Amino acid sequence: MTRIVYVNGAYRPYAQAAIHVEDRGFQLADAIYEVIEIRDGGLVDATRHLARLARSLTELAIPPPMSDGALLHVMNVVIRRNRVRDGIVYMQVSRGAGPRDFALPPATTPPTLVVLARAHRRGWSAELAETGIAVKTVPDNRWGRCDIKTVMLLPAVLAKDEARRAGAREAWFVDSAGNVTEGASSNAWIVTPDGTLVTRQLDHHILPGVTRATVMDVAKTEGIKIEQRTFSRDEALAAREAFITSATNIVMPVVKIDKTTIGDGRPGKLSHRLRSRFHQVAEFSA
Ligand code: PMP
């Protein structure tokens, strides 16, 4: 249970933690966020998450709310005060509050910073990974800068709902050329029939996933061949294995895409190997 939330300089009880009604994040989705895994009370891949946060802020010219050191301190206080051993830290930075206006506010406007921690039951994702998940493909109807981690998540919300109604846990966005871009809240991967690991190259159409980067490190240490390139929905349907990566799912096998069973319908060996090695390679900071 979340008890204490950090909001703009103060640690507040969950029910009383609040932002301004004219916050630009609330009115205009003028905000960015990060989600970091908490494991054994420590942060997983904090350096990479903070680097991406800084990049998102720079791309949108939102001033950083505080230094990385101070942010790490706030995250650790929030983790401790909520007694979270396993779960996630969610942090959001908006361009601040002010009378609703499309024009950017003065650069001196203080950004809004919210940091909260949430516990989850250890092992939920390992259990799900034993059977794997289904995904549903949907047209990618998002904007042209999906590499920035903004809170503008309505297309992802609706895509996930469509997936859920079809009995799938994640949606995979497919562009107008028939290529899979990424999941609604994850990166998409396949293993080709000859055993090559494939995930889309980084560009403006996908988020540079932190888990994606660390899984590539794992694959390198394991001597697995990786290709960063576009792959089509058709290629995915014929894949030997498929999986998604995100800070909450780590490596989650995909056993069904739309109506097609992937491989023999059970999580693949490579997905399992990458998952089981993940936390030995990822950065851990207590
Ligand atoms: N793509 C999208 C669209 C996402 O929302 C996420 C998770 N926030 C990811 C990829 C995976 O990123 P990460 O591994 O950093 O959690």
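Because the structure is predicted, anything quoted here is derived from the model rather than measured.

## Observations concerning the packing of aromatic side chains
And step 1. Taken as a whole, this structure holds four aromatic pairs when the rule is applied.
And step 2. With 5.2 Å between their ring centres and 15° between their planes, Trp189 and Phe243 make a pair best called stacked. Residue Trp189 is located in strand S10 (residues 187-191), and its partner Phe243 is located in strand S14 (residues 241-246); the two are separated by 54 residues in the primary sequence. Phe243 carries the same exposure label as Trp189, and that label is buried.

## A closer look at the site of the ligand
And step 1. Around the ligand, the surrounding shell holds 18 residues, and the nearest of these are Arg52, Lys149, Glu182, Thr211 and Ala247.
And step 2. Between the ligand and the protein, one listed contact pairs an oxygen atom with a backbone N or O atom of Ala247 at 2.9 Å.
And step 3. When the ligand sits alone it has 400 Å² of accessible area, and the protein chains cover 93% of it.
And step 4. Looking at the shell around the ligand, the elements that each hand over two or more residues are helix H2 (46-60), strand S9 (179-183), helix H6 (210-221) and S14.
And step 5. Taken domain by domain, the makeup of the shell around the ligand includes at least three residues from each of domain 1 (4-122) and domain 2 (125-285).

## Observations regarding empty space enclosed by the protein
If a probe as big as a water molecule is rolled over the atoms, it shows which places are left empty.
And step 1. Under the definition given, this model contains one cavity of 30 Å³ or more.
And step 2. Reported here for the largest cavity is a volume of approximately 50 Å³.
And step 3. Lining the largest cavity are Glu37, Val44, Asp45, His49, Val210, Thr211, Ala247, Ile250 and Phe278.
And step 4. Looking at the lining of the largest cavity, its residues break down into five nonpolar, two polar and two charged.

Cut-off values and rules
Residues numbered from 1 in each chain as written. Predicted model: local features only at pLDDT ≥ 70, side-chain atom pairs only at ≥ 80, totals over all residues. Heavy atoms only, no water. Phe/Tyr/Trp six-rings, centres within 6.5 Å; stacked < 30°, edge-to-face > 60°. Helix = DSSP H or I, 4+ residues; strand = E, 2+ residues; numbered from the N terminus. Buried < 20%, exposed > 50% of the residue type's maximum accessible area, 1.4 Å probe, protein only. Near = heavy atom within 4 Å. Polar contact = N/O pair within 3.5 Å; in protein donor to acceptor, adjacent residues only side chain to side chain. Areas by Shrake-Rupley, 256 points an atom, 1.4 Å probe, with all protein chains shown as cover. Domains from an automatic or database assignment. 1 Å grid on protein atoms, 1.4 Å probe; cavity = no way out; pocket = protein on both sides within 12 Å on 5 of 7 lines; lining within 4 Å. Points joined across faces, edges and corners; volume = space filled by probe spheres on them. Nonpolar A, V, L, I, M, F, W, Y, C, P; charged D, E, K, R; others polar.

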